[in-house]
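Summary of the model geometry
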Amino acid sequence: MCQHRFGSFVFAAKPPFFVITPPCKSKQSGFAANQSGADTPHSKVANMTEIQHSAVLLLSEQFGLDASAWSRNRDNVRVRVDSERVFEVLKCLKTLGGFDMLVDITGVDELEYPNATDRFRVVYCLLNTSTGERLIVLTYVNDPQPTLPSAYPLWKGADWMEREVFDMFGITFTGHPDLRRILMPEEFTEYPLRKDYPLRGRGERHNFPVITRAES
Amino acid sequence: MAVGLPENVFMTTVNAAASWCRKNSLWPMPFATACCGIELMATASSRYDLARFGAEVMRFSPRQCDLMIVAGRVVMKMMPVLQRIWLQMPEPKWCISMGACACSGGVFDTYAVVQGVDRFIPVDMYVPGCPPRPEQLIQAIMDLQNKIQQTGTLNGTEFDTRTQPTGPQPFDREEMWRIEDAALQSKVGGFGV
């Protein structure tokens, strides 16, 4: 019952595919104008759909991403990329697309999700600080040894975010300078936000010596 | 023949005199990790005025304290710290477990939250509430004063006999069952199975 309710909610929230609309094509020069930044007033650049469309054009040019890779969830525009190409996509979006800030990296364990094809989803939230435009990059990794390239060379702020994803989900980031646990104790061995880890743990929380009155 | 005493002399025992001194000058160690700490601060403020009971001198060094007030949830990463601070406090010392989280874990029945600090350190007084009102904490301190006066000795021999943990056993049977069930379930259910 509960699963059905939740499942239908997930389906209802699943967005329609993002479609490149003709106004974007007519403003083909929009992306180049944004890059030069000279002849585009800030008020014009603040048109959000224009920036989104320029990102769509950019990624379709550079990586051949078609419309099926794009989706929309409420106000968020999302693009799904392969885990092998995620670093190049992020680099392209940062250097050419103007998405200069990495807001967050987080993970989702899609174990027993309805219609899920992969185990872990890793979410990169990007922000264009000059226009306020946001873009969400999704990628998927699988057991065993879920591995992603680290975004640390692009954003230094990815350091702790990737450590948190590693701590909670056990996804390793190759190229990370100091990949160790950030929230859980060092001697912890499990990855607690994985769905096959029980909510109450496996007894780690009560694995301490007992101090009695006479001893203290 | 009774010996007449002057009016400003009274007879007592050394234990009672020592306990009387101790109970009226409790120096708390505020181990405040959550919202109970806000109520603890309010208790020490002018409206509730913990100074009326001689317990207003909050010290942030455990070596100067004799009353630990655990206010808030304690996670497994904090538990060794709590034990270390408890061991650093000089004797005689007492402990108040303030709030539902410190007493039992509260609503946080998760992998990281210790289900009651009394499993691992001795606790004298439990204060229920989420968070407790300052009056409740004051009541706990008054009860603790009463306990110190009743049971206290000069050299702390009342602590020597308490060799058993005050809390429940860390691995009670129910928890062991839960752990076994969880381990079984994790082996059965895998992705795509």
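Look above for the structure.
The following paragraphs examine the structure supplied in this document. (Residues numbered from 1 in each chain as written. Chains lettered and ligands numbered in written order. Predicted model: local features only at pLDDT ≥ 70, side-chain atom pairs only at ≥ 80, totals over all residues.)

1. Observations regarding the pairing of strand E4 (residues 120-128) of chain A
Residues in a regular strand project their side chains so that they alternate between the two faces of the sheet. Residues and elements named next belong to chain A. Only one face of E4 is covered, namely the face carrying Phe120, Val122, Tyr124, Leu126 and Asn128; the face carrying Arg121, Val123, Cys125 and Leu127 is uncovered. Note that strand E3 (residues 101-109) and E4 share eight bridges and pair antiparallel. Considered in E4, the bridge of Asp104 is made with Cys125. As defined by bridge partners, E4 adjoins strand E5 (residues 133-141) across nine bridges and the pair is classed as antiparallel. Bridge pairing in E5 places Phe120 opposite Val141. Hairpin geometry of E4 and E5 is characterised by an intervening segment of four residues between the two adjacent antiparallel strands and by a positive phi of about 80° at Gly132. (Buried ≥ 20, exposed ≤ 12 C-beta atoms within 10 Å, placed from the backbone. Helix = DSSP H or I, 4+ residues; strand = E, 2+ residues; numbered from the N terminus. Pairing = 2+ DSSP bridges.)

2. What to know about the pairing of strand E3 (residues 94-98) of chain B
Residues and elements named next belong to chain B. Extensive coverage of E3 is indicated by the burial of five of its five residues. Burial of the side chains of E3 extends over both faces: Trp94, Ile96 and Met98 are buried on one face and Cys95 and Ser97 on the other. In this sheet, E3 lies alongside strand E2 (residues 67-71) in parallel orientation, the contact comprising five bridges. Directly across from Met68, in E3, lies its bridge partner Cys95. In this fold, E2 hands off to helix H3 (residues 79-88), which returns the chain to E3; that crossover is right-handed. Direction of pairing for E3 relative to strand E4 (residues 125-127): parallel, over a ladder of three bridges. Directly across from Ile96, in E4, lies its bridge partner Met125. The parallel pair E3 and E4 is bridged by helix H4 (residues 99-104), and the resulting crossover is right-handed. (Right-handed = clockwise from strand over helix to strand, strands pointing away.)

3. Quick notes on the nonpolar core
The biggest cluster of nonpolar side chains holds 40 residues, and the ones touching the most others in it are Leu67, Met68, Ile69, Val70, Met98 and Val117 of chain B. Listing elements by their share of this core, those giving two or more residues are strand E1 (28-32), helix H2 (36-44), E2, H3, E3, H4 and helix H5 (134-151) of chain B. If you look at the next biggest cluster of nonpolar residues, it comprises 31 residues, including Val56, Leu59, Val165 and Phe169 of chain A. (Core = buried A, V, L, I, M, F, W, Y, C linked by C-beta atoms within 7 Å.)

4. What to know about the environment of Glu204 of chain A
Tracing the chain through its elements places Glu204 of chain A in the segment after strand E7 (172-174). The contacts of Glu204 of chain A, once residues within four sequence positions are left out, are Phe188 of chain A together with Met76 and Tyr111 of chain B. (Contact = placed C-beta atoms within 7 Å.)

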